[in-house]
Every structure is written in C-alpha cells, then in structure tokens.
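Chain by chain, the residues run as shown.
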Amino acid sequence: MSKIGVFICHCGENISATVDCERVAQELAKVEGVECAIDYKYMCSDPGQTIIKDAIREHHLDGVVVGACSPRMHEPTFRRACAEAGLNPYLCEIANLREHCSWVHEKGDATTNKAIDLVKMLVEKVKRNKPLESIKVPITKKALVIGGGIAGIQASLDIANAGHQVILVEKDPSIGGHMSQLSETFPTLDCSQCILTPRMVEVAQHPNITLYTYAELESLEGFIGNFTAKIRLKAKSVDYKKCTGCGACMQKCPQKKIPSEFNAGLGTRTAIYVPFPQAVPNKPVIDREHCNYYKRGKCKLCETACPTGAIEWDKEDEILTEQVGAIVVTTGFNVKGTDFFPEYGYGKYKDVITGLQFERLASASGPTFGEIRRPSDGTIPKKIVFIACAGSRDPAKGIPYCSKICCMYTAKHAMLYQHKVHDGESTVFYMDIRAGGKNYEEFVRRAIEEDHVNYVRGRVARVYEKDGKLIVKGVDTLLSGEQVEIEADMVVLATAGVANCGAEVLAQKMHISYDPYHFFAEAHPKLKPVETNTAGIFLAGACQAPKDIPETVGMASGAAVKVAGLFSNNELVREPLIAVVNRMPPPVFSTCVGCFMCQTACPYNAIEREEIKGRDGKVIKTVAKVNPGLCQGCGTCVAFCRSKSIDIQGYSNEQVFAEVMSLLNQ
C-alpha cells in the first residue's frame, strides 16, 4: 500500500487567486493511497520545505506530489528536500497548477476541479515511480578542436589557458584560416596578419596545446566525456624534426606554376611549399598531386638542395588514436567562385573576381604586394564595380540566406581601393545595406561620405566584355528602375558564403546535425547556440552560418567555456530519465526482437547492439542497448519500438496509462 504525501502550494496568490487550494488538499486526502494532504502559502520557502520533510519522516511516505508552479522552476528544490528527508528524489512529482491551471483559467469550481484532477494524475503516477540514481559519467579532460582558423585558435587558447589539454587539428599545412588571407579587417581597418599572427604563434608554443596540421578527423566514436577520435596525419614527405625551414627546397623545385590556394588562385606556388610567409608551422609540405617525383618517378631536386636530409619520399599517412572528453568544431566556411555566375562572366573574364581574391590583391603579402592590379594585364583599374549579394538572398541560386558579412567587406574593399587608387572611381550595387554591428553603420557612411564611394541601389542583370572593358548593366531602383550601364576595368563579386566542402561527411562522422545548406546545426538557436544535439560536441564560427570575426571569436570563447565547465568535475552527473530496454530472465532475456528500428531513429546515436551469449560463448540473441551517456530521453526510440520493449524511466507506458485512467475512472 502506497503512502503518498500531497502538498499544495498557494504560490502567494498566483495559484490561490483562482484555485481553492484548501479544497484541493481536502479532496486529495480522500484518494486511495494518500497518507496526508497539506496546503501552504509558500511551499518552496524554508518553512514549506520543512513541512514536507517532517511529513516524510512522520508518515514514512514513499512518494510525494507537490501541486505548485512549473517543474522547471522548483522541481530541484522539492527533490532536494525529499532527499534530505531520506526519500529518493525521483519519487517526488510536481503538478503544475500555476501555468496549467490558475494562469489560464478564471476563478471558479471548474478551475479547482481541474487542479484536483492534475494532482490526482500525478498521485497515480508516483505510485508507480521507481527509485532512480543519477547517472555518473567519467570525463577525459582533454579537448579536440577541429579547424585552425580564428575560431579554432581562440577556442584552443581559452581551453588551454583554463588548464586543460587541447588537440588542435587543421587540414591545411598551416593554421590561420580565412582570416590570414585578409588584408585589413572592418570596421577598424586593423592589419589582419598583425592581430592574428601572434595568436598563431601562441598556439604553437602553448604547453597545453598539441597541434596537428595537414591532418583530418578519420572517425569518432564514444559519447560525452569519453570520445575516441582517430586522426589521419597526411604524409607531408618532410621530416619536421630535421627541417629548419630554410626554404632551399622550394627554390630548387621546378614546378612553379601551381595555382596558390592561399592567394585564391591569383598567384602561384611550387610543389614543395609553405602556404604563406607567416605560416605556423613555417615548414614545407610536398603536394604529391603536382610533384614531378610522385608523378613521373624523376626529379628529387628538393632532396639534393636540402642541407639536413629532411625529405621523406616513402612517408605514409599515419592514424593516431586520441581519447578526448569534448570536441569543438570550427571548420569555417568557403565562398562561391565566379563560375557560379554565368550572368556575371561565367568565370571567363579574368577581371571578374571574388571578394576573397580582391583581399589578396589588397594584401601586402599578396601576388601584387598590395597594389590593386587587374589579373588580366596587371594594369591599375580606374573604375571598379562591386556587386553585393552575388548569390546570397537568391532562391533561384539555391542560396536564400544572407551571407551577413558581404555588405561590410564590400564597403571595406571600396574604401581600400579609394585609399590606394586616389583617382579611381568605385561603384557598389546593393539590394540593401545590412550593417548590424558595433560601428558598422558608421563605417559604411564613412565609405560613402568621406571616400566618395558611389552606392547604387539595384541588381546587376549582366556583365559582358566590350572593347577591353567590362560592361555592367543594371537598374537603379531608387530612380524608378532607370537602367544603369557602367564601363568598368574590374568587377568584384561579393559571392555567397557557403559551407565548407566535406562538411556533410564530417557531420556524419561526428553524428551531428546539419541544415539544408550543410552548415552544422546548433541544439537551439537562442538558448544553445554553441551546442549540438550530440552532447559534448560544440560549434564555433562560420561552420554554423556565415559570421564576422567578432561574432566568431565570441562564439569560440563561449564554446571554450562550455568545455571548461564540463571539465570542472571529474564526473558528469546526469538525470536518469533516459530510455531503457527491458531485460527478462532466461530463456527470453528481453522482449526486444532485434529489429533495431530504434537505432535508425535515435538522433543521438545512443542505441547500441548487445550480444547475449550462453555459457559456451555462443551468441544467443542480439538486442538493443541504450548508452546512458548519450541518451537524452527524447523518447523517439519508444515510439519506434515494435515490441514495446523500450521505456523512458519515470515516464513508462504503465505510468502514463495510470494517469489517464485516473481521469476516466472518476
């Protein structure tokens, strides 16, 4: 026979203004199994909690129902009070009389009757509650950061400075990401390299950070606090322990016309190369796809030039296995190329370039050493047209979202051009200007008013070449749709920011969600912007959506704080309200039939396969098993289970059925 205690809180007048709390207590006292029923003005107060504790001890209660406000508000309070009185905290249930009753109904008998029903339902449920223990998961206090751009650098430094070990993995030969390609940054026009390079060096020298460049995540298994990551170290063909970074090998390399990825295709590099002068690490790798030796079996000029014998021709990829407790994904973004825009030149006009290519032209470390020159003939353009929203906010192109940073970097580009070419003329075609950031609006106004950049509100219909000039045809929507035709020497497209190549594959390796545009999806856009649906994996930067540098850095620090918070305890304590697969005595073992529909449905990858073996070691049956470290208690597997073998602890089918029957049997 159950001994249930019912405690009705007035919540000041929040509940008692519309609900007759005394009558609720009196009616509940008549319910079978209820040992005592008490109402009090503030049950969450210290005297109120004392009433609950005393009743548990005096009546030897084996269950408690509190009729009060939202469980989100005070469920931990009442469960803690029960635990202090010696009752398992998961034998305490909260009936939400405030949000579900008093706040949504007028004062009257019907409202009070509803409150009685709500509490009755919980009485029937708590009769079937079982004592549960919190889940404790051990934590490996080492973080894996994937991506070595500014987000990855910031997250790594923040976690490392908190005293935890970090493994930073970057797929390119150097860390730095897109920020290292920028000339200056808006709205302060700081030199990008000047503010980034010290942090790159700090990462390489930090005692708590292990840096793997030219490496990728091969596979990931495990769960929060206990991930096993396999990392592929791609063969660099250079022994970094011997290499001094003297550069003699690069000078001898006969392959000198390979398009440079760092210069966005505007410059060239050799087959053995360092991506850029400030690269970290500043040692070369051999591009096997273009190296003469790997293609034809002859050359080895770099080997003869190397004074330390650092070239390793037979070096193979290595697979490292690392145990980590948390992962921060910071793989960044990419930009669409000009060949995505047939109306703007279809990639056939050399002087139609992307914003990233313009950055390289404007950079002192770029192919023209900071001079704005046309890629076609090297002359200085006297007229430049910038086209904003090239691809972005264009459902016809399959990119309906705003790339967020284009308005600002287009204003910066126009400003830099006016600073470098004083007699030049720049025009910006735009849909509307989105300058939502600190000092952003002032920056755009400065471009218009002080640097005399000509802004035309309208879309460009076509760009074509005529007599060596690029003809830009568009409309000015502020002049009643008047057609505008401009002869330009160069056209710069603010092309859309898109997800990085391979983002979909990486998301599948880590079992995290991604949106229709292959950007990684956060757990909640407002309340959990840096968390994913897979516990222990966090996001930062433009791998989630296009972002500017301040927002990226802020998000990286946010993710780092989440990791540091996770690592602040030796064990992760979780609510035990998770799914479980029933187990029975032999020869049935479990009613699970092994269809594993639950495994395909689980969004958290929490369902595993468990082999039940006999004494002779032979597999008798394979059934589903829930990993308590991964399960979030969403209940999707329960709905998919054909044999009804899975239940959520604390919300079993039996308990829900009992709640419903308590209403029907009145």
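Residues numbered from 1 in each chain as written. Predicted model: local features only at pLDDT ≥ 70, side-chain atom pairs only at ≥ 80, totals over all residues. Heavy atoms only, no water.

### Considering the side chain of His206
1) Next: Within the secondary structure layout, His206 lies in the loop between α7 (192-205) and β10 (209-212).
2) Next: His206 gets classed as buried once you look at its relative accessible area, which sits at 13%.
3) Next: Polar side-chain contacts of His206 include one of 3.1 Å to the backbone nitrogen of Asn208.
4) Next: Discounting chain neighbours no more than four positions away, the residues touching His206 are Leu157, Ala160 and Asn161. (Helix = DSSP H or I, 4+ residues; strand = E, 2+ residues; numbered from the N terminus. Buried < 20%, exposed > 50% of the residue type's maximum accessible area, 1.4 Å probe, protein only. Polar contact = N/O pair within 3.5 Å; in protein donor to acceptor, adjacent residues only side chain to side chain. Contact = heavy atoms within 4.5 Å.)

### Thoughts on the pairing of strand β23 (residues 454-457)
1) Next: Bridge count between strand β22 (residues 425-430) and β23: 4 bridges; the pairing is parallel. Along β23, the bridge assignment pairs Val428 with Tyr455.
2) Next: Considered for its hand, the β-α-β crossover made up of β22, helix α13 (residues 440-449) and β23 is right-handed. (Pairing = 2+ DSSP bridges. Right-handed = clockwise from strand over helix to strand, strands pointing away.)

### Here we look at the packing of helix α12 (residues 406-420) against α13
1) Next: Interaxial distance between α12 and α13 falls to 9 Å at its minimum, and their mutual angle equals 35°. Note that α12 runs across α13; the crossing there is left-handed. Contacts from Met408, Ala411, Lys412, Met415 and His419 of α12 reach α13 at Tyr440, Phe443, Val444, Arg446 and Ala447.
2) Next: Of the residues assigned to the contact of α12 with α13, the class counts are 7 nonpolar, 1 polar and 2 charged. (Axes fitted to C-alpha atoms, helices over the stretch in contact; angles between N-to-C directions. Left-handed = near helix turned anticlockwise from the far one by under 90°. Nonpolar A, V, L, I, M, F, W, Y, C, P; charged D, E, K, R; others polar.)

### So, the state of the cysteines
1) Next: The final tally for this structure, using the stated rule, is 0 disulfides.
2) Next: For Cys543, which is in no disulfide, the shortest distance to another cysteine sulfur is to Cys501 and amounts to 15 Å. (Disulfide = S-S within 2.5 Å.)

### What about helix α18 (residues 653-664)?
1) Next: Taking 1.5 Å as the rise per residue, α18 with 12 residues should run 16 Å; its terminal C-alpha atoms sit 17 Å apart, in good agreement.
2) Next: Among the residues of α18, Gln655, Ala658, Glu659 and Ser662 are the ones counted as buried. The arc enclosing the buried residues of α18, seen along the axis, measures out at 100°, which places them on a common side. Structural note: α18 exposes Phe657 and Leu664 on the side pointing more than 90 degrees away from its buried face.
3) Next: Among the structural elements, α5 (109-127) are those in contact with the buried residues of α18. (Expected span 1.5 Å × (residues − 1). Arc of directions from axis to C-beta.)

### Considerations on unusual backbone geometry
1) Next: Geometrically, the link from Val280 to Pro281 is a cis peptide bond, its omega value of 0° lying close to zero.
2) Next: Secondary-structure assignment places Pro281 in the loop between β15 (272-273) and β16 (285-286).
3) Next: Look at the link from Pro586 to Pro587: it is a cis peptide, with omega at 5°.
4) Next: For Pro587, the location among the structural elements is in the loop between β31 (579-581) and α16 (597-601).
5) Next: Even without being a glycine, Lys644 presents a positive backbone phi close to 55°.
6) Next: Among the secondary structure elements, Lys644 is positioned in the loop between α17 (636-640) and β34 (646-648).
7) Next: Given the relative accessible area of 55%, Lys644 is considered exposed.

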